[in-house]
Amino acid sequence: MTRTTPAPATRPVAPSAPAAPVRRRPGRPGPGRALAYALLIVVALLYLYPFFIQIAASFKDDPQAAAAPLSWPDPVDLTAWRRILGIDGGDSSVPIGTWLTNSVFITTVVTAARVFLDSLAGYALSRMHFRGRGFLFATVLAVMSVPGVALLIPKFLIVTQLGIFDTYQAMILPLLVDAAGVFIMKQFFDTIPVSIEEAARIDGAGSFRIFWSVVLPMSKPALITLTILSFQGSWNEFSHFLVTTQSPEYRTLVTGLASLTSGELGSGTQFPLKMGAALLTTIPVAVLFFSFQRYFVRGASEGGVKG
Amino acid sequence: MARKRTGTGIYGKQGITGWLFTAPMIIVLGLFLFVPILMALYVSMTDWNGNGSPFTGGNAGFVGLENYTSLFTEEGLTRRTFMQSLGNTFYYVLLVVPLQTASALLLALVVNSNIRGKSFFRTAFYFPAVTSSIAISTVFLFLFSNTGAVNRFLGLVGIDGPQWFSDSRGTLHLLLGAVGVPDDPSWAQGEIFGRSLWEWLSGPSVALCVIVVLAVWTTTGTFMLLFLAALQDLPVEVDEAAALDGVSAWQKFRLITLPMLKPALFLVTTLGLIGTWQVFDQIYVMGKGAPAGTTMTPAFLSYATSFRSLDYGSGAAMAFIVFLIIIVLTFLQRRLLAEDREPRRRRRGVSTAPVAATTAAAGRGSDLVGAAPQTGGERR
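Residues numbered from 1 in each chain as written. Chains lettered and ligands numbered in written order. Predicted model: local features only at pLDDT ≥ 70, side-chain atom pairs only at ≥ 80, totals over all residues.

As annotated in an unreviewed UniProt entry, chain B carries the name ABC transporter, permease protein 1 (Cluster 1, maltose/g3p/polyamine/iron) and comes from uncultured Frankineae bacterium. Of the comments in the UniProt record for chain B, the one headed Subcellular location (unreviewed entry) reads "Cell membrane". (UniProt positions renumbered as here; feature names shortened; annotations may be inferred.)

This is the structure:
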């Protein structure tokens, strides 16, 4: 998995600082470095081996997964993956196809909405002069420190009161805007010089026009960051869906996996199936994480020069 | 155009536009955050059992603060379980926060030294933090299963591993037993909030220790990134001066690096404190509080009390107590951090924003904090 790690994610060096310092004192390669490497390699094993075990287990049958958890599968058994991918007519007790469809649908809608609405609000909070702006921003900051676990009962109450409990609306609507995203965008817009927008304004462009065709194209780094955050957040979301739905047809990969793992679906340990489903849940975020890291950092350094 | 400038300047129409731009945010946050919190606050003062609407038709009787006070004063199962969940969290915090802080700092120092493959290690350590907590918990269930990888490894060195997830024995009890303290001794019979002193002294159960390992494993990478950002912010001159003065590596660490990392250390510990009070997903997957309630956390108990036992009033009261604890921790952190940052130089000042973003993100669950440090830490 980590082999796909892109180019080194070097931090942008502050313009005032000279070349990056070499911390090691010259002429002392010694045992310290060997120790450092040994430590890093051991810890890296602790971090990577579980994923190896997970992948390997998904290619085993149940007895083999229990008998030989540490090794590569021998023989390779595709039963778990056939069930996950719905080959052999699928499996009604573990409808991973439905879960995947729900996850993709919800993540797409939530990510698109968040990127647009968070930017919109962030832009207004950064640029526009209107009464109540300071109060709104203070509220956004306050909202960010509200812990998610305290919102389970509130969310359940509001969706039942609105009559949308156990619907896609209940799953999606509360996630459309998130305060942290608004904050990130506001901070970013604060770093862009106003002069360009003022030129456009004098040319007679309206506020939305300026936002859409002048500001957003300059905001790629922040927009990518926000896209990644929103995708990751909504793809991995669990507790919100837990309290706003109850029918199996609304399960996402994450809530479906949770019900599978906590033993609500079928008996037996079924570890190969669980490992495969967990892997499927991890892959999209992993791909995003590894492939965007480079762009992410490059964008970040561009933003850094401006800041 | 010219006329507009005479009024409130070129910003003339911005009053309405500003509200229009922020309207979606106001509606979503208002409708799905503020209003429901007020609703829950009301429900926490009722005996609503989930039938009908708690706000109409006498479905819920108003009981005032009883749901709150009874958690501390009324003998019974609810108080016992709530107190047990607080005890569990106490031990959980006591283990997780120092372990994650120390290991993150150590890894950051090593990764920041002059070594090859920096980005590889950084990515490897950070990756678990961006993945789904449910998926990671599933993997840990397998790793720590009776015939799982961990027990295999222990078997290799001749240790017969425990049945991790069904072992409710407290580790402190085991430790006390090993030094000859008898089980449930007479000096530890006094009751505090419905649990005997001996029960309070159980230490984390074997099962809870697995969740401690899971927490440290997943959060270390994130905090390592925070430390790395702070380390790279340290002024080069000090480093060079130290090299010229010929101080040893340990002296440099203790007298220079550590004091200068104080804000980062502080940030990491408080983020850790906040995060440890929010454990929910892991508990849901890894046994829902079992064995014998030793992995129960207040956050999960609030959910279970409401949605399983249908005692929404009591569940909501617990949620608000957790809320209060986290808010206090957050504000404490922000205030102390602000004080600490005040006299710092320009470079520090700039980084307040990402720090705040990270803090906030952490408040909203471990998933988001995953990517946040990158956002803030790297953009500058």
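Colleague: Can you walk me through the environment of A:Arg82 in this structure?
Modeller: Residues and elements named next belong to chain A. Assignment of secondary structure puts Arg82 in helix H3 (residues 79–84). For Arg82, a count of 15 C-beta atoms within 10 Å translates into the label partly exposed. When the C-alpha positions of Arg82 and Leu273 are compared, they lie 9.5 Å apart, and in sequence the two are 191 residues distant. Those residues within four positions of Arg82 in sequence are excluded, and the remaining contacts are Ile87 and Asp88. (Helix = DSSP H or I, 4+ residues; strand = E, 2+ residues; numbered from the N terminus. Buried ≥ 20, exposed ≤ 12 C-beta atoms within 10 Å, placed from the backbone. Contact = placed C-beta atoms within 7 Å.)

Colleague: Looking at this model, I keep getting lost on the UniProt feature "domain: ABC transmembrane type-1" (unreviewed entry) in chain B. Mind explaining?
Modeller: Following the UniProt record, the feature "domain: ABC transmembrane type-1" (unreviewed entry) maps to residues 86–333 of chain B here. End C-alpha atoms of residues 86–333 of chain B are separated by 21 Å, and the span's content is 70% helix alongside 2% strand.

Colleague: Would you mind going over the interface of chain B and chain A with me for this structure?
Modeller: When the parts of a complex come together, some accessible area is lost, and that lost area is often used as the size of the interface. Taken together, the contact between chain B and chain A spans 93 residues of the former and 95 residues of the latter. The dominant element in the side of chain B that touches chain A, judged by the number of residues it contributes, is helix H2 (residues 14–43) of chain B, at 20 residues. Here the residues of the side of chain B that touches chain A are counted per class, giving 57 nonpolar, 26 polar and 10 charged. (Nonpolar A, V, L, I, M, F, W, Y, C, P; charged D, E, K, R; others polar.)

Colleague: Would you mind going over unusual backbone geometry with me for this structure?
Modeller: Trans is the prevailing form of peptide bonds, just as negative phi is the prevailing case for residues other than glycine. Cis rather than trans, the peptide bond between A:Asp74 and A:Pro75 has omega equal to 0°. Following B:Ala290, the chain continues into B:Pro291 via a peptide bond in cis, with omega recorded as -5°. Within the secondary structure layout, B:Pro291 lies in the loop between helix H14 (281–285) and helix H15 (298–308). Positive phi, close to 50°, is recorded for B:Ala292, a residue that is not glycine. Here B:Ala292 shows up in the loop between H14 and H15. C-beta crowding within 10 Å serves as the criterion here: with 16 such atoms nearby, B:Ala292 is assigned to the partly exposed category. Look at B:Leu310: it is not a glycine, yet its phi comes out positive at around 55°. Tracing the chain through its elements places B:Leu310 in the loop between H15 and helix H16 (312–341).

Colleague: How do you make sense of the environment of A:Gln169 when you look at a structure like this?
Modeller: Turning to its location among the elements, A:Gln169 is positioned in helix H7 (residues 168–172). Considered as a pair, A:Gln169 and A:Ile106 are 63 residues apart in the sequence and their alpha carbons are 9.9 Å apart.

Colleague: Whenever I open this one, the environment of B:Thr131 confuses me. Can you help?
Modeller: Looking at the element boundaries, B:Thr131 is found in the loop between helix H5 (118–130) and helix H6 (133–143). Among the residues examined, B:Thr131 registers 24 C-beta atoms within 10 Å and is labelled buried. When neighbours within four sequence positions are excluded, B:Thr131 is seen to be in contact with A:Thr282, A:Val285, A:Ala286 and B:Ile136.

Colleague: Would you explain helix H5 (residues 133–144) of chain A in this entry?
Modeller: Residues spaced three or four apart along an α-helix face the same direction, because each turn holds 3.6 residues. Residues and elements named next belong to chain A. Here H5 is 12 residues long and its end C-alpha atoms lie 17 Å apart, about the 16 Å a rise of 1.5 Å per residue gives. Every buried residue of H5 is accounted for by Leu136, Val140, Val143 and Met144. Buried residues along H5 cover an arc of 100° about the axis, so they all sit on one side. Residues of H5 that are exposed and point over 90 degrees away from its buried face: Gly134, Phe135 and Ala138. (Expected span 1.5 Å × (residues − 1). Arc of directions from axis to C-beta.)

Colleague: Which parts of the structure should I look at to understand the UniProt feature "transmembrane region" (unreviewed entry) in chain B?
Modeller: On the UniProt side, "transmembrane region" (unreviewed entry) is annotated at positions that read residues 20–43, 90–111, 123–144, 205–231, 260–280 and 316–337 of chain B here. A distance of 36 Å separates the end C-alpha atoms of residues 205–231 of chain B, which is 96% helix and 0% strand.

Colleague: Looking at this structure, how should I read the domain arrangement of chain A?
Modeller: All names here are of chain A. Structurally, chain A comprises domain 1 (32–77) and domain 2 (97–306). Placing a centre on the C-alpha atoms of domain 1 and another on those of domain 2 gives a separation of 33 Å. Listed as interface residues are 8 residues of domain 1 and, on the opposing side, 9 residues of domain 2. Listing elements by their share of the side of domain 1 that touches domain 2, those giving two or more residues are helix H1 (30–58) and helix H2 (62–67). By residue number, the principal contributor to the side of domain 1 that touches domain 2 is H1, which donates 4 residues. (Domains from an automatic or database assignment.)

Colleague: Help me understand the nonpolar core, please; the structure alone is not making it clear to me.
Modeller: Judged by nonpolar contacts, the single largest core of 174 residues is most densely connected at B:Met224, B:Phe227 and B:Ala319. Tallying contributions element by element places helix H10 (residues 206–233) of chain B first for this core, with 19 residues. Summarising the domain contributions, this core has at least three residues from each of domain 1 (32–77) and domain 2 (97–306) of chain A. If we skip the residues at most four places from it in the chain, B:Ala319 touches A:Ala150, A:Leu152, A:Ile153, B:Ala40 and B:Ser302. (Core = buried A, V, L, I, M, F, W, Y, C linked by C-beta atoms within 7 Å.)

Colleague: Honestly, the packing of H6(B) against H10(B) in this entry has me stumped. Any pointers?
Modeller: Geometrically, a packed helix pair is captured by the angle between its two axes and the distance between the axes. Residue and element names in this part refer to chain B. Close contact between H6 and H10 brings their axes to 11 Å; oriented N to C, the two are set at 130°. The angle between H6 and H10 falls in the class oblique. Viewed along their axes, H6 and H10 form a crossing whose handedness is right-handed. Facing Ile136, Ser137 and Phe140 of H6, the residues of H10 in contact are Val210, Leu214 and Thr218. Among the residues forming the contact of H6 with H10, the class breakdown is 4 nonpolar, 2 polar and no charged. (Axes fitted to C-alpha atoms, helices over the stretch in contact; angles between N-to-C directions. Parallel < 35°, antiparallel > 145°, perpendicular 65-115°, else oblique. Left-handed = near helix turned anticlockwise from the far one by under 90°.)

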